[in-house]
Each structure stands twice: as structure tokens, then as C-alpha cells.
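# A look at the structure
The primary structure of each chain is shown beneath.
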Number of protein chains: 4
Amino acid sequence: MPQGETFHRAVSQVLFISQAYALLPVSNIRSVDVNQIRFKWRSPRVFYSAIILLLNLCEFGAVLNHVSSVGVTFHTSSSLALYVVCLLEHLFFWRLAFHWHSIMRHWHRVEQLFLSVPYRFYGEYNMKRRINIVVGLVMSSALVEHCLLLANSCHLSNLERTQCNINVSYLESIYKWERPHLYEILPYHVWLLPLLEWINETIAYPRSFTDCFLMCIGIGLAARFHQLHRRIAAVHRKVMPAVFWTEVRQHYLALKRLVRLLDSAVAPLILLAFGNNMSFICFQLFNTFKNIGVDLIVMVAFWYSLIFAIIRTTLTIFITSSINEFEQKIITALRDVPSKAWTPEVQRFSEQLGNDMTALSGNGFFYVTRQLVLSMATTIITYELMISDVINQATIRQRTVYC
Amino acid sequence: MPQGETFHRAVSQVLFISQAYALLPVSNIRSVDVNQIRFKWRSPRVFYSAIILLLNLCEFGAVLNHVSSVGVTFHTSSSLALYVVCLLEHLFFWRLAFHWHSIMRHWHRVEQLFLSVPYRFYGEYNMKRRINIVVGLVMSSALVEHCLLLANSCHLSNLERTQCNINVSYLESIYKWERPHLYEILPYHVWLLPLLEWINETIAYPRSFTDCFLMCIGIGLAARFHQLHRRIAAVHRKVMPAVFWTEVRQHYLALKRLVRLLDSAVAPLILLAFGNNMSFICFQLFNTFKNIGVDLIVMVAFWYSLIFAIIRTTLTIFITSSINEFEQKIITALRDVPSKAWTPEVQRFSEQLGNDMTALSGNGFFYVTRQLVLSMATTIITYELMISDVINQATIRQRTVYC
Amino acid sequence: MPQGETFHRAVSQVLFISQAYALLPVSNIRSVDVNQIRFKWRSPRVFYSAIILLLNLCEFGAVLNHVSSVGVTFHTSSSLALYVVCLLEHLFFWRLAFHWHSIMRHWHRVEQLFLSVPYRFYGEYNMKRRINIVVGLVMSSALVEHCLLLANSCHLSNLERTQCNINVSYLESIYKWERPHLYEILPYHVWLLPLLEWINETIAYPRSFTDCFLMCIGIGLAARFHQLHRRIAAVHRKVMPAVFWTEVRQHYLALKRLVRLLDSAVAPLILLAFGNNMSFICFQLFNTFKNIGVDLIVMVAFWYSLIFAIIRTTLTIFITSSINEFEQKIITALRDVPSKAWTPEVQRFSEQLGNDMTALSGNGFFYVTRQLVLSMATTIITYELMISDVINQATIRQRTVYC
Amino acid sequence: MPQGETFHRAVSQVLFISQAYALLPVSNIRSVDVNQIRFKWRSPRVFYSAIILLLNLCEFGAVLNHVSSVGVTFHTSSSLALYVVCLLEHLFFWRLAFHWHSIMRHWHRVEQLFLSVPYRFYGEYNMKRRINIVVGLVMSSALVEHCLLLANSCHLSNLERTQCNINVSYLESIYKWERPHLYEILPYHVWLLPLLEWINETIAYPRSFTDCFLMCIGIGLAARFHQLHRRIAAVHRKVMPAVFWTEVRQHYLALKRLVRLLDSAVAPLILLAFGNNMSFICFQLFNTFKNIGVDLIVMVAFWYSLIFAIIRTTLTIFITSSINEFEQKIITALRDVPSKAWTPEVQRFSEQLGNDMTALSGNGFFYVTRQLVLSMATTIITYELMISDVINQATIRQRTVYC
């Protein structure tokens, strides 16, 4: 590519795959030209996404119906929360789809600055490769998690079937185990299984993908801050004309505007992703206090799921906070500007960098910086300690007897 | 109105209605001329408010007497707290009434700046309509809440009457249920009911109205910050003479002075409103852990009350923090001032905006910004988790047996 | 006084009285000339203080001996803590006494600036009257508390004597009740009682006096910041020559140096006073959960003690944080300096005020500002909630049976 | 030494001793010339360290094996954590060893600035003596702790042997008590004891040494900040030429770069050391709630260990935060620069000092300043209160019956 790599082209493949899971139903997402992206109500993608959303809503209704008859327990409330989160994620991606073409066009315009001469030499950040590696790693780990949970279900439902002598086939027992809320309404058919499994995957997919998506945006923005930093670092201790600093500051302002635009666009996704990750880790850590059972597969699935959630959350914070890290580096670089070149323009730039916070934030509620890891960890530990003595008394027990 | 909309005129109607509930007994509150507002000791409004306050104090005395004979329990202490909060709110509105005329005159003087030529074109914030919508929505929701609680009382008192075969009339049973502290002192008369209901409403009204009042003030201030921001945004990237920035900064300083004046005037109301909302939400969330009962009307009243409190508090924070939001926008706009126009005056303005915090605050105890939502939520969750294991042991039980 | 009021003269009377309780044994404390203050090892005050300290240490030894035989319980550990805190306060006042003459001389030098012409007109803060009122109020309230606790002891010891038919005189029973740790070692004599009561008072006195002392220092410093603020406020919106601002900034720097000197001198007292107040309030609030007993005098003594501690702590924070409040006011006043007079000197002053924190601090551990009230309250509430469920299980009971 | 004291020479002895415990296997560590330091894979030190690490890993394997057979309890999990921490510390020191030569060379280059004329006169900080005193005190206290724990083991194992009539020799009983995880695998031989004791010491040593190492680095950096501060303090209130301030600022920037380099090099050690200290103090404080037993030696060992940990942690924070303290002092000194000498260069220096944070930090997660003591104390108290009611119910008991 002569004119360098744009974010749109780096991320289009990832978004195309996620459209298979009914997320972000935007037309021409793989188009080379960013102007061809648009949201059309009458496109097959929108139609497909709408159907999936409808099916998800139906299943959620069934779950609600099931819960209201069974009663709200610790277990059902957590699976309810899972459904609510995934439906909200679907909705927020729809909302994002409406604005995706204008966001991409704005981003494209800003990127033109960074694909021209001075920055071109500092393009070694390799946005596309990073995006592919990160998404590949996280989503394949998510696939492994999904398979483990599935294997877990098969194993447990089979145990129940054989131990309790229930007169159903192997597949039907899986169906009953996995979807107790549907079993009463929808009689079992073999062809139901792949359909339901697909719906299941469209529900499970967004949980990991939202983190991935935030990481992609983080990488896309960091690539530009990286170039800006490299350009300033290249003139380290050199006396540059005022016009150089004016230009650099203009480009920095353009980047800030882009960060603000994206921040307001993905704010609900950020709040949802971090809230969900945190409560999921709390919930799973809380489960470790109970004896989880001796089945190897149950153990593996449980621990894999917990460790994957911790790593994924930490990775998300580290990658999206790299914007902030590059800004810190730019501040440090400005400290070395020689006295002669210390014009009001540079001072203004330095003051702005010192005062403003550049980071993705859930619409200003909290900033995604590196310190977030520590404060999340402290909160999680505090909450764990708080509920730890509930265990000694609570009536939450593992259902180890299957009938 | 040729000279534009003043805060006094936008809010006068709302305050006039609240005077019916004995709050803010200021004379000539609906007067067009702000100079006619005054606090007269010998006006019928003051007389009426004084009587209502006296009756409230009497009822509070009866409650104290009742509690001291029954003993302090979880339930009685919460109803005691309700009375204390409402009496304090009445007192703080009296205190505000003394200063209302000078506050309004100061506000009026500041507003003259923003009703003249350059700002006139940016008056599209429509303060009056916003105030009316917000107050209308919140107060009618509060009315629904009040009716639900009343229906709840009627229902439960009737249940008690029929199940326990108490030989009293329907209305008398309501009287006994609603006002156990008066039942022993004051024998039942039919004509007592409307009077007591009116006193009850003057006690219930300030709880929601204080939030509304804070929102009104927030809207009134935000309207001016909005105009200031629009004026700066209108000269985006243009080179303006120094005199322009001097003027803008003068107006900003006038607004800051107004914010400080109002902050010190309504500080007790802010502290009371936020403290009360937070403890009420904590208390109600804590009640959700217990089984609330199966009566539909009890359930609806309980959940409506809880959700209304959460929404009202969040809305109050969002609206009053919009002053701060506009200031952030002004800072951002100043970043785009071109290098040529970057005079010491603009720099001084920029530094001041970066260092000072413009927001309503409970007299400097905490600032009402958007982040407050997150920190309140964290505190509430922490407190809930802390007291959650008291439930397993505590002797707090629902009185489901009525005799 | 023609040349105005100095801190030394305003506080000398208070310190003279406290010397009767063996605190701050400095010679010539009431001298008009600040140069005559000195610490002499061979003065009667040092001798007297040393004897009192020795007696206190002896009693502490007796308490330690008593506790080691009885065992560490909730009750004994709290009375141990009381002794430790009071002994440390005695020691820290000794340490302060060594440096008192140099501190006073430095303070006197700085004060000369504020007693000369321009500031003389702004001396209406009336440091001496404020100090006398605050100390008078707090110490007489402390006296009432002490009498209540004494009456409480007399009452309870008498109850024990009559109910259990112990064959001791009234006074001996008081002796036994108040000083169980001495009763075993030292046989009862009538003339012991006044001596022990005096020692008791020298132990109880510093607890309230430390807060008073911090308030005095806060008032003394605030008086000067007040004058500085008034001087700046007097030239509001006037164009002043650069030399004016240079002088004002010099005086401000002199005050800052004084604040730093005092901060490092009283840091141990601040840490001790705040730590002790906070733990005392936590402990007493925790006791409210238990039933305290039905004796009126016990109730009154308990609640008076708790409410006095809360009010005293809040007052201490409000008064010592007034330094910070005045600084905020100076910042605000600087915002109104007209553009013409906005020289680098004023800008430097403004930047310094914006960046540095001027407040008493426990050697940099925490700053005594108004926000401290909120954070202390939150911490206390959190700790109360945490230990609240210990009550349901703990074996801490009131000893209502006296034999 | 004519050219003054370098950090390398001040710390080389301490590092040489620690190499005996297999830490930091760098060749020529005691060399006078900093360029001779290098990490050689084929040196005897690396060989020795590798063997020790291997033996530690083997023992860790044995512990893992033992724990998996005995089951995870409160006690075993804490000893597991100890092994994991010490192994990680060994690994992090290996990692540091790779980079030690480049770090030392960079440090040496920066130090040349501070050993030349103007700074030479301010060299009274006496880095080497401070390092020797601190390391001497802490490591000899650690030795006492180790001996106490050993004596404790001997005592308890002997008690078990005599009380339960186990037919083993005195030494074998110690072996069995100290290393239950090896006893099953490795039969007892007399010559095993010294070897195992040595391995034991290489495991115990890094726990205290990591804190010492951080203190050494803190002292080494503080010495230079001290000199910088003294140079600025020496020109107090004098009008200095701009070139003076340019030079001072250049030197300050060089120091900042050094701090950043070291911070990223020792970040894992900081995180590990603080995390370990905090959890150890929490754990030991938690143990005080249980009755520890009446054996004097057990009591002494327990309390010594707890108090030593608290003092060591506090000391580490105070010494490493002294960098930050000196920076605060430099800011204060800059406030006194006279108006005439207030050039843009000084202002830039002042702004940088005001905005940037200079302190060791665990890679930006938290800053080691004096306030850290307070926040660690608050967190520890909070966690203690949280788990305090677990004690009343938990099944954690002291094993006072030895058979």
C-alpha cells in the first residue's frame, strides 16, 4: 500500500467476521473506499442481524418465564445478567452501526495527516498485524472456552441421564440440560440443536468481542499517537522553527478530537464491558471458595474461564491505555526541547498536555489508564473479602447430586 | 419577551406552586420586576408557612413520643429520619427565603450581560421549557409514588381490620395505620383525615422538590454557560482581538461569582438532598434482600419508590453537573484558538479554566460532577455488601401477620 | 496595644493555664517580650512537669500490671490506649517546649510584617478573642464531661457497694471502682483521693487540650492569611504597580515558611489528635449498638462524651482548615486582577497559589482541609458497618450485675 | 577518593554479599571500573546461582507435591505463597543481572555531572555510610528473625518428639518438622541438614534483601537530588544568570531519565516487595486474633516477625520516598527566586517540577511517596476489620496438641 495503512482497512476483516455473529450490520464494510460504508435498513445484513436479535429476545423471554416459575436464585440471576449484558451489547453495536460511516470518514480524514511525508517514516507500529494478532489470540481463546463449557454441559447432562435413569436420548439430555427454559415450551427435535447452538454462539460471541473491539480501537488510535511521538522524538534536542510546533500541535488537536468522537461513540460499550468483566471475575472468584467438585472437566472449564477473564480484562486495559502512555512520552520529550526553541507555542502545547487527560473513558465516568488495573484489583479483593463470610452461612450449595 | 428570558421568570411559576406546600414564603414571587421580591414577616404566605411548620413540628413531637414508648427499631428509626430530613428542608427553605430577593437581584444583574447583543443569538437553550419539563416529570412521578403509598396503606390497614376483626370503620383503620403516633393522643374524627393528609403532603413534598429545585438552579446556570460556550465556539479558529477575550473572561468571572453565591446559598439543601437520597437508596436496596411479601400493590409501591429514587438522583447529578460539562467544552474550544491570537489574556483564561473547578458543591465538601454517579454507586454497592450478611442473622422481619 | 496583637500575646494565657496541667513547661511564657521565652532545665515548671510525668508513668505501669493479670479484653485495651495516647501527648508537648522559643521568635518576626502600616487596617480578625472563646468553650465542655464521668463513677461504685454489701466506706468504694489497678498495690487513705484525682486530671486534660492547641495555631495563622487576603481584596480591580505584587508575594512566602515550620513542629500532635479522635468516635459509636443500660446518668455521660468528641473534632478541622479557605479566597481575588496589571509577577503568584497546598498536615501524610470532614465521616461509617455484625456474635457484654 | 563516591562503589559490597545467596550473578561486581561489570553465562557465579535456583525449584516441587496430598489449607497456602514470592524474586534478580552493566554505566555517566566542581561541595549526604547502616541494620534484624524461627522450630519439634514418644533422634525430628514435604521423599541423613539449611537461607534471604535493595537505590538517587537541591539552596534569593538555570534544569532532566530507567528495571521487584509485605502484615495481624499459644519462644518469634515486617516496610517507604521529598524542597526553593531572575527558563523548570511526579513507582501503578504509608495502613485496617468476623466462625485453629 503506497499511501500507508488506514484503520478502516486494518479492522475491516475483523468486523466482517463479527457480522457473521450479527454484530455491526453495516454495508460495504470491506470496501476499500471509506465513503462506500453506509447503514442501509434494507440490506441482507440488517435483515440477518434483526432475525438473530429477535431470536435472542425470544430466548430471553423464555429465560425470564423460566426464572419467574423457578424463582430468583444466585444461579439464575447470574444467567439472567449474562443475557441482559449480551442483548445490550447487540443493541449498542446496532447503535454504533448507525454512526459507523461518519466515524470512519472522520477517522479517515484525520489519518490522511499521518500518512503524508513526515509521519510516513514512523509507520512501524504495524496496526494491522497487531489487530490481527490480538483478535486472533483472544477470539481463539474464547472459542476454546466455549468448547470447554460445551463439553462440560455434555458431560454433566450425560452424568445426570445415566445416574438418574432418565429415559431420553443423549442429545435430548444435552438439550434439556443446556436449555431448561426452552425444554418446557419447545419439544425436542434433532434439527433444533444446530440452530440453538448458533443462537447460543451469537449470545456468547459479543462478550469477548466487545473487549476485542475496544482493543482494536485502542491500537488504531495508539498507532497515530505513536507516530506523533516518534516525530517529536526525531527532533530531540534540536532547535525547530515555531511552525513545526504549530503543525505538531494542530495534528495533536486533530487526534484529540478523534479520541473524543470515539469515546462518545463507544462509551456504552466501555461501561458495559468493564462492568461485566468486573462482576464476572468477582462472581467466579467467589465460586472458588465453594468446592467446585472433583470432575476434571468441570475444574478445567471453571479455571480456564476465570483466568481467561482476568487476562482478557488486563489486556484490554493495557492496550487501550497505551494512548495515555504515548501522551506521557510526548510530555517527557517536550521537557528536552532546548531553551532557544522554547516558544509560547511549545509552552502552550506542554501546558495542554499537562492539564488534559487523553484516554478512552466511559463518557467521562472513569479513565482507562494503567492505574485502572490496580484500582479494579483493589475493588475486587475488597468485595471478595466482604462476601467471604457469607459463604460460611449462606445456603448456596453446589448441585452435585443430579437427581 | 424582547429582552429574553430571565431565570426569575422561568422559575417563578414552579416556586409559586411550591409555596402552596409552605416552602420559600417570599412575597411577590410571580412579579415581573425582580426588585419587588421581598421577604415580609407580616405576609399571609409567611403566616401560612409558619402554621404548617408548627403542625409538622407537633406531629414530629407525637412521633418522638410514640417512638420513645415503642422503642427504637429499624423501622421507627427510618421514619424518624424521614421527619427530621423534611423538617430540616423546611427550615433551609425558610433560610433561603430571607436571602431570595438579594440572590435574585444579583442573578438578574448577571443575566443582563447575557441578554444583550452578542449572546442573544445563542439563547436556544430554552431554560423555561426545560425547567417546566423536568419539574413536571419529577413532581408528577412523585405524585404517583405518593398515591401508591397511600393505596398501599389503605390496602394493608383494611387487611388488618378484616383479618383481625377490629371493630373500627374503614377510615378509622386507615387513620390508625397511617398515624399510630397520633391515634393514642387524638381521637378519630372524619374531618381530621383531610387535614392530616395535607400535613402529610407538606412533609412528603420537599423530599422530591429539593431535587427539583437543585435541577432548576442547575438549568438556570447551565443556560448562561451554554451561551458563553456558544459565543466562543462561534469564533472557532478565528483570530479575535484581545478585547474580545477580555470581555469573555469578564463575563465568565461574573458567572463564577454567581455560581459561588448560589453554592453557598443552597449548600445545606445539596448536602441534605444527596445524603437523604443515598441513605434512602441504601435502605430500600437493603430491604430487597428480605422477602417483601406477595401482595402486588406492596411490591409495586416498593419497586416504584426505589427506581424513582435512583432515577431522580441520577437525573439531579446529570443536570446540575452540566455546568461543569460546559466548562470542559469551553476549555476544549480554547485549545483551538490560533497561535496568532494566543495573547496573555487567552492564556490567563485557559489557565484559570484548567485550575479552577466550576460546579455546585456542598460548600466545598464534594463537587457535583458526572464522576459523582460512579463514586455514589460504588459506595452504595460497598455498603450493601457490608450489611448483606447481617440479613442472615438479624431479627428484622417483615410484619406479614397483621394482628 | 499600639503595634497590634501578636500570636504570642494572644495565646500566652492559654498556655499558662495548661502549664498547671504540666504541659509545655517553658519559662517566662507570659512575658511581653518574645525573646525572654526559654526552656530551662532547672526551672520549677520543668520540675513540676517532670514529677507529674513520672507519676503518670507509675500509674501506667500499675495499669499494665493490672491488665497483664486480668487479661486483654475489649474494655482494658481501650483504657490502655487512653493512657498511651495521653503519655505520648505529654511527651510531644515536652518536645515542643524545647523548640517553643525559636518557633515563637520566628513567628514574631513574620508577624512584624503584618503589624505595620498597610496590614494594620485589616486587623479586625481579633485573634485573641477568638482564641479565648474557642478555648473557653471547649475546655469548659471538657470539664462538664469530666464531672459527668466522675459522677458516673460515684454512682456506679455506690450501686456496687450497696447491692453487694461490700464493707467499705463510700469514698473507698469510689477509689476501688476508679482505680482497680492501684487498689491492690496501694492501700486506701483519704488523702490519696485528691492527689489521684489531680493525676487523673493531668491525664484527661491533654486529650481535649491538644485539639484546642491546634485550633489556637490555626487561628493564629488564619489571622495573617486573613490580613493578606484583605489587602488584596482592598485593591480589587485596581491596577497596582508590580512592586505591590512583589511585596505581597514576599509576605505570602514568609507565611508559607511559617506554616511549614509549625507543621513540622506540631505534626506528631496532629497525627495523634486525629487518630485518637477518630478511634474514640468509632469505639463510642460501636458501643451505641449494645444496650448501654437504663441508668440516666450513665446514658447522659455516654452521649455527652460521644457528641462532644464529634463536635470537637469537626470544630478542629473547620478552624485549622480556615488557612486553606483564605488561600482559596486569595486565588479568587487574583482572578479579578485587570488585564493591564497582569504582570509576570502576578502570574507567578497565581501559579504558585494554584499548585501548592497550604494547610496543616501531619508531616505530609494528610492535609487538614474541609474535605477531611467528609472522608473521616465515610471512613467512620464504613468501619462501623464492618464491625456491626460482630455485635451479633461477640461476647462483649455490659456489666450490669455489679457483683 | 578524589573524584567522589559513586553509587556503584557504594553498593558493590552489599551486592557482593548478596551474591553468596545466589542473587544478581554479575561478574566483576566489586571492580573499581564500572565498564568491567558484565553478565557472563559461563562464570562460576552464574553456575552457582543456577544450581541454587534449581535446588529451590526442586524443593518447591516437593512442597507442591506435599500440598496436593495434604490439601490446601490456610497454613499451606501461606507457605506456598512464600515459596512463589521467593522464586519470583530470584528470577527478577536474574532479569536485573542481564541489564545491570548497562544500568550501572548509565548511572555512572549521570554521576559524573554530580562529582564535578559545583556539586562536589554538597557531597555530605554520605551515600555509602547510609547504605551500609541501613543494610547492616535490616539484614542483621532479619538474621535475628531467622534464628528465632529456627529456635522456634527446634523447640516445637522437640516438644512433639518428647510428648508423643516418637522414636527419632533430636535432629531428625527437626528435619521432619521443618521439611515435612521432603521427609517422605528423602530419608534423613545428618549431612543433609546443613545443605537444606543453606537452601532455606537462600529462600529466606531475598524477602528482606529486596527491601534493602530498593532502599539502596533510593539512597543512591536521593544523594543526587540532595546535591541538586543544595546547589539551588546555595543561591537562595540571589539573581543568577539564565545559563545557571539552564544547566540545573539539564542536570535535573538527566536525573529524571535515570529515575525512569531504574523504575522500569526494578518495577517487578517493587510490586513484589510491596505486595508481599502488605499481605504478610495482613496475615500476621490476622493471626494475632487467634490465641497464639503460651510458649514464650513462639510468642517472641511471632511478635518479632510482625513488628520487623512493619518497621521494614515503613522504612522502605520513607527512604525510597526521599527522592520525592527532595523534589518538594526544590519546588519550595524555586518559589524564592527573586523577580529579576524569574526568566522563562526558571518558569519552565518550576512548571515541570509542579506537574511531573518524581518517585519510584511500580511501572506507573502507584507512586512510592510518603502518603503511601497512610493508604497502606488504611487498607490493612480495612482488610483486618473485614476478616475479623471470620474468626468467630472459621475452623482455623492453632495446633497446640502435637500428636
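Preceding block: the structure.
Residues numbered from 1 in each chain as written. Chains lettered and ligands numbered in written order. Predicted model: local features only at pLDDT ≥ 70, side-chain atom pairs only at ≥ 80, totals over all residues. Heavy atoms only, no water.

In this section: helix α11 (residues 322-335) of chain D. All names here are of chain D. End to end, α11 covers 20 Å across 14 residues, agreeing with the expected 20 Å (1.5 Å per residue, within 8%). The buried fraction of α11 amounts to 10 of the 14 residues, a majority that puts the element mostly inside the structure. Listed in full, the buried residues belonging to α11 are Ser322, Ile323, Asn324, Phe326, Glu327, Ile330, Ile331, Ala333, Leu334 and Arg335. (Helix = DSSP H or I, 4+ residues; strand = E, 2+ residues; numbered from the N terminus. Expected span 1.5 Å × (residues − 1). Buried < 20%, exposed > 50% of the residue type's maximum accessible area, 1.4 Å probe, protein only.)

Bringing the side chain of Asn200(C) into the picture now. Residue and element names in this part refer to chain C. Relative to the helices and strands, Asn200 resides in helix α8 (residues 192-234). Owing to a relative accessible area of 14%, Asn200 belongs among the buried residues under this scheme. Aside from chain neighbours lying at most four places away, what touches Asn200 is His146, Glu178 and Arg179. (Contact = heavy atoms within 4.5 Å.)

So, on to the packing of helix α1 (residues 7-19) of chain A against helix α8 (residues 192-234) of chain A. Residue and element names in this part refer to chain A. Two numbers describe how α1 lies on α8: the axes approach to 11 Å, and their chain directions differ by 175 degrees. The pairing of α1 with α8 is recorded here as roughly antiparallel in orientation. Along the contact surface, α1 presents Phe7, Val11, Val14, Leu15, Ile17 and Ser18, while α8 presents Tyr205, Phe209, Phe213, Cys216, Ile217, Gly220 and Arg224. Of the residues contributing to the contact of α1 with α8, the split by class is 10 nonpolar, two polar and one charged. (Axes fitted to C-alpha atoms, helices over the stretch in contact; angles between N-to-C directions. Parallel < 35°, antiparallel > 145°, perpendicular 65-115°, else oblique. Nonpolar A, V, L, I, M, F, W, Y, C, P; charged D, E, K, R; others polar.)

Here the focus is the relation of the copies chain C and chain D. Mapping chain C onto chain D is achieved by rotating through 90 degrees and translating by 0.0 Å along the same axis, at an RMSD of 0.0 Å. The transformation just described matches what one would write down for a four-fold rotation axis. Judged by C-alpha distance, Met386(C) is the residue of chain C that lies nearest the rotation axis, at 4.4 Å. (Least-squares fit on C-alpha atoms with pLDDT ≥ 70 in both.)

Residues and elements named next belong to chain D. Overall, the coordinates contain 99 aromatic pairs over all chains when judged by the stated rule. For the ring pair Phe244 and Trp245, a centre distance of 5.1 Å and an interplane angle of 80 degrees mean the geometry is edge-to-face. The exposure class of Phe244 is buried, given its relative accessible area of 8%. With a centroid separation of 5.7 Å and an interplanar angle of 75 degrees, the aromatic rings of Phe274 and Phe366 are classed as edge-to-face. Highlighted residues: Phe274 in helix α9 (residues 242-289) and Phe366 in the loop between α12 (344-355) and α13 (371-388), separated in sequence by 92 residues. (Phe/Tyr/Trp six-rings, centres within 6.5 Å; stacked < 30°, edge-to-face > 60°.)

All names here are of chain B. With respect to the element layout, Leu53 can be found in helix α2 (residues 44-70). Classification of Leu53 by relative accessible area gives buried; the value is 14%. Sequence spacing of Leu53 and Thr288 is 235 residues, and the spatial spacing of their C-alpha atoms is 34 Å. The contact partners of Leu53, leaving out residues within four places of it in the chain, are Leu87, His90, Leu91 and Trp94.

Note that chain A does not reach chain C: the shortest distance linking a C-alpha of one to a C-alpha of the other is 9 Å. In this structure chain B stays clear of chain D, and the shortest span between their C-alpha atoms is 9 Å.

Bringing the packing of helix α5 (residues 127-163) of chain C against α8(C) into the picture now. Residue and element names in this part refer to chain C. Taken N-terminus to C-terminus, the directions of α5 and α8 make an angle of 155 degrees; their axes are 10 Å apart at the nearest point. Between α5 and α8, the crossing angle belongs to the class labelled roughly antiparallel. In this structure, α5 meets α8 at a crossing whose hand is right-handed. Residue composition of the contact of α5 with α8, grouped by class: 16 nonpolar, four polar and six charged. (Left-handed = near helix turned anticlockwise from the far one by under 90°.)

Under the definition given, this model contains 39 salt bridges over all chains. Where Glu325(C) meets Arg370(C), a salt bridge forms, and the shortest distance between an N and an O atom there is 3.4 Å. With Glu325(C) in helix α11 (residues 322-335) and Arg370(C) in the loop between α12 (344-355) and α13 (371-388), this residue pair connects regions lying 45 residues apart in the sequence. With a relative accessible area of 19%, Arg370(C) lands in the buried category. With a closest N to O distance of 4.0 Å, Glu178(D) and Arg179(D) form a salt bridge. (Salt bridge = Lys/Arg side-chain N within 4 Å of Asp/Glu carboxyl O.)

Take the relation of the copies chain C and chain B next. Look at the two chain copies: a rotation about an axis and a shift along it is all it takes to match them. Take chain C, turn it by 90 degrees, move it 0.1 Å along the axis, and it overlays chain B with an RMSD of 0.1 Å. A share of only 19% of the interface residues of chain C reappears at the interface of chain B, consistent with the copies meeting through non-equivalent patches.

Taken residue by residue, the interface counts 26 residues in chain C and 23 residues in chain B. In this assembly, chain C packs against chain B so that about 2000 Å² is buried in total across both faces, 49% of it on carbon and sulfur atoms. Three residues, Arg335(C), Arg370(C) and Leu385(C), lead the burial of chain C against chain B; their summed loss comes to 28% of the area buried on that side. Where chain C touches chain B, the interface holds two salt bridges. One salt bridge connects Arg335(C) with Asp356(B), and the closest N-O pair in it is separated by 2.8 Å. Applying the counting rule to chain C against chain B returns 11 residue pairs in polar contact (both at pLDDT 80 or more). (Buried area = accessible area lost by both parts, 1.4 Å probe. Polar contact = N/O pair within 3.5 Å; in protein donor to acceptor, adjacent residues only side chain to side chain.)

It is worth spelling out the interface of chain C and chain D at this point. Listed by partner, the interface residues are 23 residues for chain C and 26 residues for chain D. Per-residue buried area on chain C facing chain D is highest for Arg348(C), Phe365(C) and Met386(C); these three make up 33% of the total on that side. Where chain C touches chain D, the interface holds two salt bridges. One salt bridge in this structure joins Arg257(C) and Asp336(D), with 3.0 Å as the shortest N-O distance. Our count for the chain C to chain D interface comes out at 11 residue pairs in polar contact (both at pLDDT 80 or more). Within the residue set of the side of chain C that touches chain D, elements represented by two or more residues are α9 (242-289), α12 and α13 of chain C. Take the side of chain C that touches chain D: its biggest share by element is six residues, from α12(C). Its residues assigned to classes, the side of chain C that touches chain D shows eight nonpolar, seven polar and eight charged.

Residues and elements named next belong to chain D. Along the polypeptide, Asp211 turns up in helix α8 (residues 192-234). Residue Asp211 is classed as buried on the basis of its relative accessible area of 1%. Spatially, the C-alpha atoms of Asp211 and Thr369 are 15 Å apart, while their sequence positions differ by 158 residues. In contact with Asp211, other than residues within four places in its own chain, are Ala273, Asn277, Arg312 and Thr316. Polar side-chain contacts of Asp211 include one of 2.8 Å to the side chain of Arg312.

Glancing now at unusual backbone geometry. Residue and element names in this part refer to chain C. With a phi close to 50 degrees, Leu24 is a non-glycine residue in the positive phi region. With respect to the helices and strands, the residue Leu24 is situated in the loop between α1 (7-19) and α2 (44-70). Despite not being glycine, Asn28 has its phi angle at roughly 55 degrees, a positive value. Assignment of secondary structure puts Asn28 in the loop between α1 and α2. Judged by its relative accessible area of 30%, Asn28 falls in the partly exposed class.

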